[in-house]
Amino acid sequence: MLPVEFGLDTFGDVTAGPDGAPLPYAQVIRNVVEQAVLADEVGVDVFGIGEHHRDDFAVSAPEIVLAAIASRTRRIRLGTAVTVLSSDDPVRVFERFATLDAVSQGRAELTLGRGSFTESFPLFGYDLDDYDRLFAEKAGLMAELLTEDAVTWHGTVRAPLAGQQVYPKTESGRIPAWIGVGGTPESVVRAARHGFALVLAVIGGDPARFAPYVELYHRALDQYEHEQLPIAVHAPGFVAATDEEAIETLWPHARASITRIGAERGWPPLTRDRFEADIADGAWHVGSPETVARKIARTVGVLDAQRFDLKYSAGTLPHEAMMTSIRRYGTEVIPRVRELLEADLLEPGD
C-alpha cells in the first residue's frame with residue numbers, strides 16, 4: 001500500500017460560544033484559521049474548507065480564508081471541501097486558486113463539486129433545472145484551464161474561449177485537483193474522464209459500500225487512458241479521550257445539525273440509536289484515539305484510499321472541543337493509523 005496522507009475538513013459551521021449562544025460569523029472564521037494553524041503544528045497533511053451560502057455556515061469564500069491560513073502556516077496543503085463549481089465561473093476559480101498557490105508557495109489544492117446544498121444557484125442567478133449540465137460543462141472547462149495552456153472551449157453555460165490564456169500561471173504548472181462525489185456512478189466516471197483525482201464523500205452507512213465506485217473509477221481511468229490517480233475519503237468524526245466522552249460531547253451538536261438539514265430534505269430526526277449505530281458500523285469515525293485510528297485504518301484499507309480527510313466540525317460543536325479533537329487526531333490518531341497500516345494489524349472485519 002502506498003503511503004497514506006491525512007487531512008481535516010470543515011464547513012465553517014456556526015459554533016456555540018461558552019454561553020451556548022451562536023458565535024458571530026467573524027469569530028467563527030477567525031477560529032477556523034486557528035484550527036488550521038494547529039493542524040499544521042500537529043502534522044496534518046491537508047486542510048480543507050467547504051463553501052456554503054446559508055446561515056448555519058460562516059464560510060462562503062474559502063479561498064480567502066485559506067490565504068489567511070497560508071500566511072500563518074508553513075507546510076500543510078490548503079484546499080476546499082468543496083468548491084461549488086456549478087454556480088461559479090471556472091476561469092475565476094482558476095485565477096483565485098492560482099493566486100492562493102502563489103501566496104502559499106505551492107500548497108493550494110482544489111476539490112470541485114456540484115454542492116449538496118442549492119442556495120448558491122438562485123443567489124448567483126442559476127436555474128436548478130440546469131444542475132447537471134452546469135457541472136458537466138464547467139468540469140470539462142476546468143480540466144482544460146488546469147493544463148495552464150491556451151484554452152479553446154465552447155459550451156452553453158458561459159461565453160466561449162478562443163485560444164485564451166488565463167493568469168497567473170503557477171510555479172509548478174499544475175494545481176492538484178479533485179472531484180468530490182457522493183456515490184453516483186456518473187460522477188465517478190466524469191472524474192476519470194477529465195483526469196481528476198477522486199474524493200468519496202462518505203457521510204452515511206458503511207464506507208465499504210463505496211468499494212464498487214473505487215473499482216469503477218480505476219476501470220474508467222484505464223478506459224480513458226489516464227494514469228491511475230489517488231482516491232481520498234471524506235468522512236465525519238470526532239476524537240476525545242474515551243469513546244464515551246466523544247459520543248456524549250458530539251451527540252447534541254450532531255443531532256441538532258443533522259435534524260435541521262434532514263427537515264429540509266424530508267428525513268426523520270436523528271435518533272441516539274441511529275447515531276450510535278453509524279458510529280459503530282457506519283460513516284462516523286468517533287471515539288478515543290485508538291477507536292478512531294482503527295476505524296480509519298479499516299476505511300482506508302477497504303477503499304484502497306491514499307488519503308483520509310476527517311470532517312471534524314459538526315454543527316454547533318464548540319471551538320475548544322474541535323481544537324482538542326484536532327490535537328488528538330494529529331498527535332495520536334495519525335501515528336497509530338500509520339502503525340496499523342504498516343504492520344497490517346487489523347483482522348478481517350475489525
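Everything that follows concerns the structure shown earlier in this document.
As a starting point, this report considers the structure included with it. Here the structure is a predicted model, which means the values were calculated and not measured.

**Let's talk about the packing of helix α2 (residues 62–70) against helix α3 (residues 90–103)**
A pair of packed helices is captured by two measures, namely the crossing angle of their axes and the spacing between those axes. Their axes nearest at 9 Å, the elements α2 and α3 cross at an angle of 5°. Taken as axis vectors, α2 and α3 run roughly parallel relative to one another. From α2, E63, L66, A67 and A70 reach across to α3, where they touch R96, F97, L100 and V103. Grouping the constituent residues of the contact of α2 with α3 by class yields six nonpolar, no polar and two charged.

**Observations concerning the pairing of strand β1 (residues 5–10)**
Here β1 lies mainly inside the structure; five of its six residues are buried. Strand direction decides the pairing type here: β1 and strand β12 (residues 307–311), joined by five bridges, are parallel. When the sheet's bridge partners are listed, G7 is paired in β12 with D309. Pairing of β1 with strand β2 (residues 46–49), which is carried by four bridges, proceeds in the parallel orientation.

**Some words on the pattern of salt bridges**
Any two side chains of opposite charge can pair, given that their charged atoms come close. This model, assessed by the stated rule, comprises 29 salt bridges. Across the salt bridge formed by R158 and D89, the nearest N and O atoms sit 2.6 Å from each other. With R158 in the loop between β6 (151–153) and β7 (161–164) and D89 in the loop between β4 (83–84) and α3, the pair connects residues that are 69 residues apart, well separated along the chain. Several salt bridges share partner residues, and in doing so they unite R54, D55, D56, E119, R260 and E264 into one network.

**Looking at the packing of aromatic side chains**
For the structure on display, the rule yields seven aromatic pairs. With 5.9 Å between their ring centres and 55° between their planes, F57 and F117 make a pair best called tilted. Taken together, the residues span a long stretch of sequence, with F57 in the loop between β2 and α2 and F117 in the loop between β5 (110–113) and α4 (120–123) at a distance of 60 residues. A single burial state applies to F57 and to F117, both of which are buried. The interplanar angle of 55° and the centroid separation of 6.0 Å between the aromatic rings of F210 and Y213 together place this pair among those described as tilted. Counting every residue linked through ring pairs, the aromatic cluster contains F11, F57 and F117. Of note, R265 hangs over the ring of F117, and the distance from its end group to the ring centre comes to 4.7 Å.

**Remarks on the side chain of D40**
Residue position: D40 is located in helix α1 (residues 25–41). Here D40 falls in the buried class, since its relative accessible area comes to 7%. A polar side-chain atom of D40 sits 3.2 Å from the main-chain amide nitrogen of R74. Sequence-distant contacts of D40, defined by excluding residues within four places in its chain, comprise T73, R74, R75 and I76.

**Quick look at unusual backbone geometry**
Of the consecutive residues A81 and V82, the connecting peptide bond is found in the cis state with omega at 10°. Of note, V82 is situated in the loop between β3 (77–80) and β4. Here the amide bond leading from Y167 into P168 is cis, since omega sits at 5°, within 30 degrees of zero. Relative to the assigned elements, P168 resides in the loop between β7 and β8 (177–181). Despite not being glycine, Q105 has its phi angle at roughly 60°, a positive value. Within the element layout of this structure, Q105 appears in the loop between α3 and β5. Look at Q105 and you get exposed, because its relative accessible area is 70%.

**Quick notes on the nonpolar core**
If you look at the biggest cluster of nonpolar residues, it comprises 99 residues, and the most contacted ones within it are F47, M142 and Y329. Sort the elements by how many residues they give to this core and helix α11 (residues 319–343) lands first, with eight residues. Ignoring sequence-local partners within four residues, the contact set of Y329 consists of F6, G7, L8, V44, V239, I296, F308, L310 and I334. Among the nonpolar cores identified, the runner-up in size contains five residues, and F11, F57, F117 and I261 belong to it.

**Looking at helix α10 (residues 289–303)**
Between its first and last C-alpha atoms α10 spans 21 Å; for 15 residues at 1.5 Å apiece the expected length is 21 Å, and the two agree. One or two positions beyond α10, positive phi appears at D304, with a value near 50°.

**Points about helix α6 (residues 185–193)**
Among the residues of α6, S187, V188, R190, A191 and A192 are the ones counted as buried. For α6, the elements touching its buried residues are α5 (131–145), β8, β9 (197–201) and α7 (211–223). Remark: G195 follows α6 within two positions and exhibits a positive phi of approximately 75°.

**So, the packing of α6 against α7**
Between α6 and α7, whose axes approach to 8 Å, the crossing angle comes to 35°. Once α6 is placed against α7, the crossing between them reads as right-handed. Side by side, α6 and α7 meet where P185, V188, V189, A191 and A192 of the first sit next to Y213, L216, Y217, A220 and L221 of the second. A class-by-class count of the residues in the contact of α6 with α7 yields 10 nonpolar, no polar and no charged.

Procedures and definitions
Residues numbered from 1 in each chain as written. Predicted model: local features only at pLDDT ≥ 70, side-chain atom pairs only at ≥ 80, totals over all residues. Heavy atoms only, no water. Axes fitted to C-alpha atoms, helices over the stretch in contact; angles between N-to-C directions. Helix = DSSP H or I, 4+ residues; strand = E, 2+ residues; numbered from the N terminus. Parallel < 35°, antiparallel > 145°, perpendicular 65-115°, else oblique. Contact = heavy atoms within 4.5 Å. Nonpolar A, V, L, I, M, F, W, Y, C, P; charged D, E, K, R; others polar. Buried < 20%, exposed > 50% of the residue type's maximum accessible area, 1.4 Å probe, protein only. Pairing = 2+ DSSP bridges. Salt bridge = Lys/Arg side-chain N within 4 Å of Asp/Glu carboxyl O. Phe/Tyr/Trp six-rings, centres within 6.5 Å; stacked < 30°, edge-to-face > 60°. Lys NZ or Arg CZ within 6 Å of the ring centre and 35° of its normal. Polar contact = N/O pair within 3.5 Å; in protein donor to acceptor, adjacent residues only side chain to side chain. Core = buried A, V, L, I, M, F, W, Y, C linked by side-chain atoms within 4.5 Å. Expected span 1.5 Å × (residues − 1). Left-handed = near helix turned anticlockwise from the far one by under 90°.

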